[in-house]
Amino acid sequence: MGRKILFITTDQQRYDTLRCNGGTVARTPVADGLAAAGIRYERAVPQSVVCMPSRSTILTGQHPTTHGVWMNGVPLPVDAPSVAALLQRHGYRTALVGKAHFEPYLDPFGRFTENSLARLGAETVEQPWADGSTGPHRGFEHLEFATHGTAAPLHYTMWLWQNNPSAIGMYYPVLDPAYNVNGAGGGATGAPQVHDNPIPREQYHTDWVADRTIGWLNSLAAGDDWFCWMSFPDPHHPWDPPKSELSRVDWRDVPLPAGYPASRAEREAILDAKPRHWRMWYDGTLVSNYEAPKTWVPATLTDDQVREVNARNAVEVELIDEAVGRVLRAIEARGWAGDVDVIFTTDHGELQGDFGLLFKGPYHVDALMRLPLIWRPAPSAAVTPDVVTRPVGLVDLAPTFSAIAGIEPAGWMQGRVLPVSDADAGRRGFDSVLTEWDSDLFGVDVHLRTITRDGWVCTAYRPGYVHDGSEGELYNLTDDPLQQFSRWSDPACAAIRSDLVADLWDSQPPARAEALELQAPV
Amino acid sequence: MALVRREIVIARTPEDVWRAIGDPAAISTWFPGIVTAEVNGASRVITTASGLTMPEEIVTNDPVRRVFEYRITAPLIKDHLGSIEVTGAGDDRSMVRYETRCEPDTIALVIGGACGNALHELRRQLESEPVPAAAEEA
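Reading the values: the criteria
- Residues numbered from 1 in each chain as written.
- Chains lettered and ligands numbered in written order.
- Predicted model: local features only at pLDDT ≥ 70, side-chain atom pairs only at ≥ 80, totals over all residues.
- Helix = DSSP H or I, 4+ residues; strand = E, 2+ residues; numbered from the N terminus.
- Rg over C-alpha atoms; globule rule 2.2 N^0.38 Å.
- Contact = placed C-beta atoms within 7 Å.
- Buried ≥ 20, exposed ≤ 12 C-beta atoms within 10 Å, placed from the backbone.
- Nonpolar A, V, L, I, M, F, W, Y, C, P; charged D, E, K, R; others polar.
- Pairing = 2+ DSSP bridges.
- Axes fitted to C-alpha atoms, helices over the stretch in contact; angles between N-to-C directions.
- Parallel < 35°, antiparallel > 145°, perpendicular 65-115°, else oblique.
- Left-handed = near helix turned anticlockwise from the far one by under 90°.
- Core = buried A, V, L, I, M, F, W, Y, C linked by C-beta atoms within 7 Å.

(A) Structural context of the overall build of chain A. Helix and strand counts for chain A stand at 14 helices and 17 strands. The C-alpha atoms of chain A give 21 Å as radius of gyration, which agrees with the globular expectation for 522 residues (24 Å, within 12%). Along the first, second and third principal axes, the C-alpha set of chain A runs to 60 × 55 × 45 Å. Here the analysis covers contacts within chain A between residues at least 6 apart in sequence; of these, 71% occur between residues at least 24 apart.

(B) Molecular detail of the overall build of chain B. Helices and strands together make up the secondary structure of chain B, namely 4 helices and 7 strands. The C-alpha radius of gyration computed for chain B amounts to 15 Å, which stays within 12% of the reference 14 Å derived for 138 residues, consistent with globular compactness. A principal-axis box enclosing the C-alpha atoms of chain B has dimensions of 50 × 25 × 25 Å. Within chain B, the proportion of its 138 residues that are buried is 31%. Within chain B, contacts between residues at least 6 apart in sequence are counted, and of these 48% link residues at least 24 apart.

(C) Structural context of the interface of chain B and chain A. Taken together, the 18 residues of chain B in the interface contact 17 residues of chain A. A breakdown of the residues in the side of chain B that touches chain A according to their chemical character gives 10 nonpolar, 7 polar and 1 charged.

(D) How the structure looks around the sheet that holds strand S5 (residues 67-72) of chain B. Residues and elements named next belong to chain B. Strands sit in the order S1-S7-S6-S5-S4-S3-S2 across an open sheet of 7 strands; the sheet is antiparallel. Since the sheet does not close on itself, it has two edges, and those belong to strand S1 (2-10) and strand S2 (34-40), each with one partner. Taken over all neighbouring pairs, the strand axes of this sheet differ in orientation by 20 degrees on average, direction set aside. As defined by bridge partners, strand S6 (residues 79-88) adjoins strand S7 (residues 94-103) across 10 bridges and the pair is classed as antiparallel.

(E) Structural view of the packing of helix H7 (residues 205-218) of chain A against helix H10 (residues 303-333) of chain A. Residue and element names in this part refer to chain A. It is the contact of H7 with H10, at a shortest axis distance of 9 Å, that shows an interaxial angle of 10 degrees. One way to sum up the angle between H7 and H10 is to call them roughly parallel. The chirality of how H7 crosses H10 is right-handed. Between H7, through Thr206, Asp207, Val209, Ala210, Thr213, Ile214 and Leu217, and H10, the contact on the second element is made entirely by Leu319, Ile320, Ala323, Arg326, Val327, Ala330 and Ile331. Of the residues assigned to the contact of H7 with H10, the class counts are 10 nonpolar, 2 polar and 2 charged.

(F) Molecular detail of the pairing of strand S2 (residues 39-45) of chain A. Residues and elements named next belong to chain A. Taking burial as the measure, the 7 residues of S2 include 6 buried ones, the bulk of the element. The pairing of S2 with strand S12 (residues 386-388) spans 3 bridges and is classified as parallel. Counterpart to Tyr41 in the pairing with S12 is Val388. Here S2 runs beside strand S13 (residues 392-393); their pairing, made up of 2 bridges, is parallel. Among the inter-strand pairings, Ala44 is bridged to a residue of S13, identified as Val392.

(G) Expanded view of the nonpolar core. Residue and element names in this part refer to chain A. Counting residues in each nonpolar core, the largest one holds 175 residues, and the members touching the most others are Leu6, Phe7, Phe227, Cys228, Met230 and Phe401. Top contributing element to this core by residue count: H10, with 12 residues. Ignoring any residue separated from it by four or fewer positions in sequence, one finds Phe227 in contact with Ile5, Phe7, Ala84, Leu87, Tyr92, Thr94 and Phe401.

(H) Fine view of the sheet that holds strand S16 (residues 456-461) of chain A. Residue and element names in this part refer to chain A. Strand order in the open sheet formed by 4 strands is S14-S15-S16-S17, with antiparallel pairing between adjacent strands. With one partner strand each, in any of the chains shown, strand S14 (432-441) and strand S17 (472-476) form the two edges of the open sheet. Direction aside, the axes of adjacent strands within the sheet are offset by 10 degrees on average. Together, S14, strand S15 (444-453), S16 and S17 form the strand contacts of helix H14 (residues 494-506), whose direction differs from that of S16 by roughly 65 degrees.

(I) Structural view of unusual backbone geometry. Residue Pro238 of chain A follows His237 of chain A across a cis peptide bond; omega there is 5 degrees. Note that Pro238 of chain A resides in the loop between strand S9 (226-231) and helix H8 (264-272). The linkage connecting Glu103 of chain B with the following residue, Pro104 of chain B, adopts the cis geometry, with an omega of 5 degrees. Along the chain, Pro104 of chain B falls in the loop between S7 and helix H3 (105-128). The phi angle at Ala382 of chain A is positive, at roughly 50 degrees, despite the residue not being glycine. Within the secondary structure, Ala382 of chain A sits in the loop between strand S11 (371-376) and S12.

(J) Quick look at the packing of helix H1 (residues 29-37) of chain A against H10 of chain A. All names here are of chain A. Running from N to C, H1 and H10 cross one another at 60 degrees; their axes reach a closest spacing of 7 Å. The pairing of H1 with H10 is recorded here as oblique in orientation. Across the interface between the two elements, Pro29, Val30 and Ala31 of H1 pack against Asp321, Val324, Gly325 and Leu328 of H10.

(K) Region of interest: the environment of Cys51 of chain A. Residues and elements named next belong to chain A. Checked against the element boundaries, Cys51 lands in helix H2 (residues 51-60). In this structure, the C-alpha to C-alpha distance between Cys51 and Asn72, residues 21 residues apart in sequence, is 6.7 Å. The residues touching Cys51, leaving out its near neighbours within four places in the chain, are Asp11, Asn72, His101 and Asp347.

Below you can see the structure in the form of structure tokens.
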């Protein structure tokens, strides 16, 4: 019997939403407890700041350039490498419960397994694997899917239909009548994607994900080794937690985020000093990410709207924390507590008011790139709790799962087993991490390459719709923790810029042989 | 109205490729996600794997120019024109261009993406079949 793995992801959660990371709004005692008993990472960086590429990196252990999912709407091939398949082949029982999103949601042709599995009533389906064999879909022998609300025909939607059909319409409608991401506002302030959801808390998707995870765990034999990816759709927008829970955080009491410059003039001056697409999105003249509502203009954002979005987000974070606590108690009840590794992270961050912006896009700053990451090794492994400040990436998760299971990380994995201390990270050369952005939405293309190293974040732009390829951003994370003042054009930083840019291009991962096509907007 | 264009080179003659494209009822054999296609004159009704039924109007089916055009007339779509053109690409190869003009724009991406995937499936099917004898001799 080996170590078991509970892998917890949330969706679009900022680093500073956890108390253990300095957050002040949401109460997160469960995550804080895991951090105190394990390793807390202070500079965990995604390889993409949108869902599908980032989640594909987690599963494959590869950078987006290599696995090929270059933007949302590009499906990860079913025979892509998968750490779940590796574990399953070595005898692990494997499950993914909650949000997968390796395949597009908008799928009227029903082409993608994620959208058809609930209808088929099957736990999984047999698919080709990267090694030429076949096995359960992406290595998961049990799959139960949920996403934000009820728009997609996933297991959670079907479950609601059976248990409380009236709740289907209680969620915020994520798409507007033109099938664009909805920009309609709600709540007390009219903030976009804020909505009062009367759904009973126990039927909300966060609790459903925890319930179904517990259900699967309880179906296993005591001696099974298992890998369970419990994937919460929150706190990704829409911000529509159960109305009954809103009193947890009064939005009027929420402080404005440090990254939200106090005056409009200050916000706009900061944006004007950045590459053009920042200000163009703020003014509503350029939308480069489908998930940013086309009809919403960030310049209209008010202080109160920022407060309310942060309050709703905090409620969702608290519900997740409590759901995780429930699952941990179920694991303890099975007698597994000493042998379970718990890893908690997210796929990418959320702007949440920083720079006067919400949602996400081609903006490589901490709001989107600094992630919560906690590894609580199995107590039986007797790893000393610590804090790692050196940069690590989500690309390092797949080899870490392999190592926990006692399996040599596969050759196709591009990351390394996560370090357990700064000393360990230093010995093994955890010096830098890469992030990339490519998008092409209705002719608007944007291409960024970023390296995080030595306390700097350096982004170089490739030519695109509004960039000529000469642009860049350079932030000193110590002097400018909010990344408000780029040093890209500062002569005093010319040497470090040149060194980082050279390292960035020298470190680019190999590209997938055949480019994958965009097949849907998300 | 958005335009999504996908194209692919298939190592078969335009005549061979057109045999699949020009038969409007055959679309369910090479377009993943379309499970049935019923043709009645210039009308075609497709059913997708998700259970959606979409009525279509066949606008052009020209074996000389090897152009097939159709409109989806389902209510979720304001305007649509799908166009498939097969041209020679030398050495018994064909270029197949599949264009989707559609409003709303988002649906153009969804349909255009599915069409691109269908071209890959069409190539896979045709290239896995033995080369027709006449073409081999030629």
